[in-house]
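The residues making up each chain are set out below.
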Amino acid sequence: MTEHLVDPDVPRDLHAFIAGLPKAELHVHHVGSASPRIVSELAARHPDSKVPTDPEALVDFFTFTDFAHFIDVYLSVVDLIRTPEDVRLLTYEVARDMARQQVRYAELTITPFSSTRRGIDEGAFMDAIEDARKAAEAEFGTVLRWCFDIPGEAGLESAEETVRLATDDRVRPEGLVSFGLGGPEIGVGRPQFKPYFDQAIAAGLHSVPHAGETTGPQTVWDALTDLRAERIGHGTSSARDPRLLAHLAERRIPLEVCPTSNIATRAVRSLDEHPIKEFTRAGVLVTINSDDPPMFGTDLNNEYAVAARLLGLDERGLADLAKNAVEASFLDAPGKTRIRDEIDAYTAKWLAA
Ligand SMILES: Nc1ncnc2c1ncn2[C@@H]1O[C@H](CCC(=O)c2cccc(C(=O)O)c2)[C@@H](O)[C@H]1O
Ligand SMILES: [Zn+2]
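Residue numbers here run from 1 along each chain, matching the order of that chain's written sequence. As a convention, the first chain written is A and the first ligand written is 1, with the rest following in written order. In view of the model being predicted, local features appear only for residues whose pLDDT reaches at least 70, and side-chain atom pairs are presented and counted only at 80 or more, with totals across whole chains, interfaces and linings using the full set of residues. Heavy atoms from the whole structure form the basis of all side-chain values; hydrogens and water molecules are not counted.

Student: Lay out the nonpolar core with the relevant residues and their values.
Tutor: If you look at the biggest cluster of nonpolar residues, it comprises 114 residues, and the most contacted ones within it are Phe 179, Phe 193, Leu 224, Ile 232, Tyr 304 and Leu 318. At 8 residues, the largest contribution of residues to this core is made by helix 14 (residues 300-311). Here a residue-residue contact requires only that any non-hydrogen atoms of the pair lie within 4.5 Å. Sequence-distant contacts of Phe 193, defined by excluding residues within four places in its chain, comprise Ile 150, Gly 152, Leu 156, Ala 159, Leu 181, Val 188 and Leu 227. For our purposes a nonpolar core is just a set of buried Ala, Val, Leu, Ile, Met, Phe, Trp, Tyr and Cys residues, chained together by side-chain atoms within 4.5 Å. Only protein chains enter the accessibility calculation, which uses a 1.4 Å probe; a residue whose area is less than 20% of its type maximum is buried, one above 50% is exposed, and one in between is partly exposed. The helix count covers DSSP runs of H or I at least four residues long, the strand count covers runs of E at least two residues long, and both are numbered beginning at the N terminus.

Given below as structure tokens:
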């Protein structure tokens, strides 16, 4: 258990339960998952960068004044990923951190445009993530799948490039399952990305855009209508539209909720004001995620502890939350059954002890 992440309002027993609970994670960014150790290592490899090499200084560097500041800092970390070896190291180490938290399956959001535009060869990039994926599965037992996202603010050129990399059989990696849209939402309307999502969906990919993180519920409606979203990244502002909540619940469209992220980027004022409870009350399928864990001073286990506090959950409630993520994932049926069974067995054993 990471001591600084122990929520004093959550019993230590529950923290221990969470630490051993088999989990799936559906909303977590590749570069945003770089641990302070990896960031320091990459910053030392590339000394012209403005990213601090000292982990203590990183805590300050990762304190954000608003969402735009967060994206600014995020891009300075993106600038540290310069070679296929950087990509491989990052991916492999991210999987190791996940395995330590008993993450059995993760859909990792990768922004290939950010790497190819910085000069990394696309074939070498795909080989690097695939090598790391296979090594992680063999060595840690953590299954990784990819979501390629468009960095919306970088314009339609980035959408064009992302959909090409996601659908061209000569480059598209085996582990790719979904297509997303990230970055700032203000001034970056969802409907303009419809043709790219149509193309990705036609190629067999699932649609998982960010929406309603920093703008209102209309963005979520647009993501559903124009981008045919199967899950919504964040969807925080859905709480302001009861008709939307009812729609999400009725269609069983999951929300990928990332509580600490929303506070760190100042999308929500405080954890106590987070609408997660309104989501569950409305019957929406809620999944718990960490988004960019080291940048937000969190990890997935801590997000489960936060959810336990905000939703008043005990062990069974937490196990149900973990099973929500399995249900909402793009794993095949046998894969889902395997993790669900593992969650049930772990919980039964814990409660019998
Ligand atoms: N909470 C989040 N909410 C939303 N997105 C998040 C979140 N966390 C991480 N991201 C990532 O940030 C990227 C943003 C990258 C971006 O805007 C941009 C703009 C112009 C140029 C370039 C470039 O690379 O040259 C990049 C997204 O694609 C997404 O994967
Ligand atoms: Zn995100």
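Text resumes after the structure shown.
Student: Give a detailed account of the site of ligand 1, specifying residues and quantitative values.
Tutor: In this text, near means that some heavy atom of the residue lies within 4 Å of the molecule or strand in question. In the neighbourhood of ligand 1, 21 residues make up the surrounding shell, with Ser 114, Arg 117, Asp 149, Glu 213 and Asp 292 lying closest. Here the Shrake-Rupley method, with its probe set to 1.4 Å, supplies the accessible areas, and only the displayed protein chains count as covering residues. Notes on ligand 1: free accessible area 610 Å², of which the protein chains cover 95%. A cavity here means a set of points on a 1 Å grid, drawn over the protein atoms and nothing else, where a 1.4 Å probe fits but cannot get out; a pocket is an open set with protein on both sides within 12 Å along at least five of seven lines, and a residue lines either one if it has an atom within 4 Å of a point. Pocket or cavity membership: a molecule qualifies when more than half of its atoms sit within 2 Å of the grid points of that site. Because more than half of its atoms lie within 2 Å of the grid, ligand 1 is assigned to the second largest pocket. Those elements that provide at least two residues to the shell around ligand 1 are helix 4 (67-78) and strand 3 (143-151). Of all the elements, helix 4 adds the most residues to the shell around ligand 1, at 5 residues. Three classes are used: nonpolar for Ala, Val, Leu, Ile, Met, Phe, Trp, Tyr, Cys and Pro, charged for Asp, Glu, Lys and Arg, and polar for all others, with Gly counted as polar. Residue composition of the shell around ligand 1, grouped by class: 8 nonpolar, 7 polar and 6 charged.

Student: Please set out the packing of helix 14 against helix 15 (residues 315-328) residue by residue, giving values where relevant.
Tutor: Note on geometry: axes are lines fitted to C-alpha atoms, helical ones only across the stretch in contact, with angles between N-to-C directions running from 0 to 180 degrees. Relative orientation of the contacting elements helix 14 and helix 15 amounts to 125°, with a least axis distance of 10 Å. As far as their axial angle goes, helix 15 and helix 14 are oblique. Crossing angle aside, the handedness with which helix 14 passes helix 15 is right-handed. Listed contacts from helix 15 to Tyr 304, Ala 307 and Ala 308 of helix 14 are Leu 318, Leu 321, Ala 322 and Ala 325. By residue class, the composition of the contact of helix 14 with helix 15 is 7 nonpolar, no polar and no charged. These descriptions rest on fixed angle ranges, namely under 35 degrees for roughly parallel, over 145 for roughly antiparallel, 65 to 115 for roughly perpendicular, and the rest for oblique. Here a crossing is taken to be left-handed if its near helix is turned anticlockwise relative to the far helix by less than a right angle, and right-handed if that turn runs clockwise.

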